[in-house]
Amino acid sequence: MADIIPVDDPADPRLSDFTDLTDVELRRRREPAEGLFVAEGEKVIRRAAQAGYPMRSMLLSEKWLPVMRDVLDQVRAPAYVMSPEAAEQVTGYHVHRGALASMGRTPLPEPGALLATARRVVIMEAVNDHTNIGAVFRSAAALGMDGVLLSPSCADPLYRRSVKVSMGAVFSVPYARLGTWPGGLKPVREAGFRLLAFTPDEDAVPLDDIGAHRLPRVALLLGAEGDGLSARAMRAADDRVRIPMAHGVDSLNVGAAAAVAFYAATRT
Ligand SMILES: C[S@@+](CC[C@H](N)C(=O)[O-])C[C@H]1O[C@@H](n2cnc3c(N)ncnc32)[C@H](O)[C@@H]1O
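Because the structure is predicted, anything quoted here is derived from the model rather than measured.

Peer 1: So what about the nonpolar core? Which residues, and what values?
Peer 2: Counting 60 residues, the largest nonpolar core has M58, M124 and F262 as the members making the most contacts within it. When residues of this core are assigned to their parent elements, the largest contribution, 7 residues, is made by helix α12 (residues 254-266).

And the structure:
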């Protein structure tokens, strides 16, 4: 059962997991180094706890105590109760969703372990926008993808914004980080996956012609806003695939492209 602790002073050192949440650069460095991430809002906190992440502490206002009661009953962690105004001084913003939880990170699986049981995976190259990472995970969960592989320079799926946008899907879809790029694609192909590089290029094969849902094992490669997939990643793939577009649009947002690609790969 959580220890409910009223706190008045925003400078209280026990609140350090929740300080300066709006300083993206600081939090990007601090959170992996300190082995924590921040879950925000009732649903996301509940999903993180259900997924087995250990709770370090919670920060919430008094009116959220009854809402979070079931979670608080199940964890052994301090729950700091503050006024919304004092909490804002700690975090740097008004916490609309009323409750924050600092969760401990758990070790990521090795790519090989993830691939052993997967048939349909997505591989992101250098996607460093937390909103896009969250959107891709949300679609991956909703459309039944088996896992996510990240190139070494992809942003952290457990950063608060990614967690929030994914609605907690980062906890339910297994993911791993490739150690090298694009060298890390070789074992994916050796495991029997066909590598499809998604690109808006006109000379790529239209998605419908690939029949991705008929392939026994398929890996869908997606690139970042701006640069898209690198030439090296494209060369390492088996096919270059495009989602046909209309009205002179030159590309889809990667989250939208992901949803279309996942549907094509998973429909039966
Ligand atoms: C905003 S796009 C990048 C645009 C970039 N200028 C390019 O040419 O790839 C981000 C990623 O979404 C995917 N994507 C976007 N539109 C696509 C389309 N029409 N067909 C296939 N993939 C697409 C690709 O993986 C791309 O790397």
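Peer 1: Which residues make up the environment of P206, and what values do they have?
Peer 2: Inspection of the secondary structure assignment puts P206 in strand β10 (residues 205-206). What makes P206 partly exposed here is its relative accessible area of 23%. For the pair P206 and D23, spaced 183 residues apart in sequence, the C-alpha to C-alpha distance is 42 Å.

Peer 1: Talk me through the pairing of strand β11 (residues 218-222); I want residue IDs and the actual numbers.
Peer 2: Counting buried residues along β11, 5 of its 5 residues qualify, which places the element largely inside the surrounding structure. With 5 bridges joining them, strand β6 (residues 120-124) and β11 adopt parallel strand pairing. Its bridge partner being in β11, I123 is matched across the sheet by L221. Two elements, strand β9 (residues 194-198) and β11, share 4 bridges in a ladder whose sense is parallel. By the bridge assignment, L195 is partnered in β11 with A219.

Peer 1: Quick one: what's the story with the sheet that holds strand β1 (residues 3-6), residue by residue and with numbers?
Peer 2: Taken in spatial order, the 5 strands line up as β1-β4-β3-β5-β2 in an open sheet, and their pairing is mixed. Both outer strands of the open sheet, β1 and β2 (36-40), are each paired with one neighbouring strand and no more. Recorded for the sheet is a direction-independent mean angle of 20° between the axes of neighbouring strands. Where strand β3 (residues 55-60) meets strand β4 (residues 78-81), 3 bridges bridge the pair, whose relative direction is parallel. Looking at the pairing, L59 lines up with Y80 of β4. The sheet strands contacting helix α1 (residues 24-34) are β2 and β3, and the helix crosses β2 at an angle near 115°.

Peer 1: Could you give me a rundown of the pattern of salt bridges, with the residues and numbers involved?
Peer 2: Inspection of every chain in the model, using the stated rule, returns 16 salt bridges. Across the pair D203 and R240 runs a salt bridge, and its minimum N-O distance is 3.3 Å. Highlighted residues: D203 in the loop between β9 and β10 and R240 in strand β12 (residues 239-242), separated in sequence by 37 residues. You can call R240 partly exposed: its relative accessible area is 25%.

Peer 1: How would you explain the domain arrangement of the chain if you had to name every residue and give the values?
Peer 2: Structurally, the chain comprises domain 1 (3-104) and domain 2 (111-266). Of note, the centres of domain 1 and domain 2, computed from C-alpha atoms alone, are 31 Å apart. Across the domain 1 to domain 2 interface the summed buried area is about 1,400 Å²; carbon plus sulfur atoms make up 62%. Area buried by domain 1 at its contact with domain 2 is led by R28, F37 and V44, which between them contribute 30% of it. On the surface where domain 1 and domain 2 come into contact, there are 2 salt bridges. R160 is the partner of E40 in a salt bridge, and the nearest nitrogen-oxygen pair spans 3.2 Å.

Peer 1: Can you tell me about the packing of aromatic side chains, naming the residues and giving the values?
Peer 2: The description of an aromatic ring pair rests on the distance of the ring centres and on the angle between the ring planes. Tallied over the entire structure, the rule returns 4 aromatic pairs. An angle of 40° between the planes, with centres 5.7 Å apart, marks the rings of F37 and F171 as tilted. Residue F37 is found in strand β2, and its partner F171 is found in helix α8 (residues 169-172); the two are separated by 134 residues along the sequence. The same class applies to F37 as to F171, namely buried. Through pairs of rings, three or more aromatic residues link up here, namely F37, Y53 and F171.

What counts as what
Residues numbered from 1 in each chain as written. Predicted model: local features only at pLDDT ≥ 70, side-chain atom pairs only at ≥ 80, totals over all residues. Heavy atoms only, no water. Core = buried A, V, L, I, M, F, W, Y, C linked by side-chain atoms within 4.5 Å. Buried < 20%, exposed > 50% of the residue type's maximum accessible area, 1.4 Å probe, protein only. Helix = DSSP H or I, 4+ residues; strand = E, 2+ residues; numbered from the N terminus. Pairing = 2+ DSSP bridges. Axes fitted to C-alpha atoms, helices over the stretch in contact; angles between N-to-C directions. Contact = heavy atoms within 4.5 Å. Salt bridge = Lys/Arg side-chain N within 4 Å of Asp/Glu carboxyl O. Domains from an automatic or database assignment. Buried area = accessible area lost by both parts, 1.4 Å probe. Phe/Tyr/Trp six-rings, centres within 6.5 Å; stacked < 30°, edge-to-face > 60°.

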